[in-house]
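Analysis of the macromolecular model
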Amino acid sequence: MKTDNVIVNKSKAFALRTIKLCQYLCEEKKEFVLSKQLLRSGTSIGANVKEAIRGQSKADFVFKLNISLKEASESEYWLELLHESGYITDAQFSSIYADCIEILKLLTAIINSSKGGTNA
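Description of the structure in this document. A quick note: this is a predicted structure, and the numbers were derived from the prediction, not measured.

**Here we look at helix 4 (residues 90–115)**
Given a rise of 1.5 Å per residue, 26 residues ought to cover 38 Å, and the 37 Å separating the end C-alpha atoms of helix 4 matches this to within 8%. Residues of helix 4 that are buried: Phe93, Ile96, Tyr97, Cys100, Ile103, Leu104, Leu107, Ile111, Asn112 and Ser114. At its buried positions, helix 4 is contacted by helix 1 (6–28), helix 2 (33–53) and helix 3 (58–84). Backbone geometry just downstream of helix 4 places glycine 116 in the positive-phi region, at approximately 75°.

Right, here's the structure in full:
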């Protein structure tokens, strides 16, 4: 179900791209360790965003979004490792990495706005 919530939509799209990338890595490259780590963190971003939306308080909302931010940062790391180790090409890396960075920026902005400050 499509919503008007940008971070919900982008984190779900990122999760779906992550799933497809991990399928490719397992089937074509026979890489299972890094891809499993990426799969876990990349799909967790959106799950925590959804939990945040249903948060019981503003503090709960910010707490869950901070978990999403940590998962996005972890995903960034796994993508960098996959790229630098040669499992994914420059072209494969650049697009999904750009999506990850966009999610990191969005989450940081939402958290800062929710806290009424400028630091995540």
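Read on, since the account is not over.
**Re the packing of aromatic side chains**
Scanning the entire structure with this criterion turns up two aromatic pairs. Considering the side-chain rings of tyrosine 77 and tryptophan 78, the 5.1 Å spacing of their centres and the 65° angle between planes classify their relative orientation as edge-to-face. The exposure class of tyrosine 77 is partly exposed, given its relative accessible area of 44%. The exposure class assigned to tryptophan 78 is buried, which follows from its relative accessible area of 13%.

**A word on the packing of helix 1 against helix 4**
Packing of helix 1 against helix 4 brings their axes to within 10 Å, and their N-to-C directions diverge by 150°. Classified by the angle between their axes, helix 1 and helix 4 sit roughly antiparallel to one another. The two elements helix 1 and helix 4 cross, and the hand of that crossing is left-handed. Two secondary-structure elements touch here, helix 1 through Val6, Ile7, Lys10, Ser11, Phe14, Arg17, Thr18, Leu21 and Tyr24 and helix 4 through Gln92, Ser95, Ile96, Asp99, Cys100, Glu102, Ile103, Leu106, Leu107 and Ile110. For the contact of helix 1 with helix 4, the per-class residue count stands at eleven nonpolar, four polar and four charged.

**Side note on helix 1**
Along its 23 residues, helix 1 runs 32 Å from first to last C-alpha, staying within 8% of the 33 Å computed at 1.5 Å per residue. Among the structural elements, helix 2, helix 3 and helix 4 are those in contact with the buried residues of helix 1. At the N-terminal boundary of helix 1, the capping side chain belongs to asparagine 5, with an oxygen 3.2 Å from the backbone nitrogen of isoleucine 7.

What counts and how
Residues numbered from 1 in each chain as written. Predicted model: local features only at pLDDT ≥ 70, side-chain atom pairs only at ≥ 80, totals over all residues. Heavy atoms only, no water. Helix = DSSP H or I, 4+ residues; strand = E, 2+ residues; numbered from the N terminus. Expected span 1.5 Å × (residues − 1). Buried < 20%, exposed > 50% of the residue type's maximum accessible area, 1.4 Å probe, protein only. Contact = heavy atoms within 4.5 Å. Phe/Tyr/Trp six-rings, centres within 6.5 Å; stacked < 30°, edge-to-face > 60°. Axes fitted to C-alpha atoms, helices over the stretch in contact; angles between N-to-C directions. Parallel < 35°, antiparallel > 145°, perpendicular 65-115°, else oblique. Left-handed = near helix turned anticlockwise from the far one by under 90°. Nonpolar A, V, L, I, M, F, W, Y, C, P; charged D, E, K, R; others polar. Polar contact = N/O pair within 3.5 Å; in protein donor to acceptor, adjacent residues only side chain to side chain.

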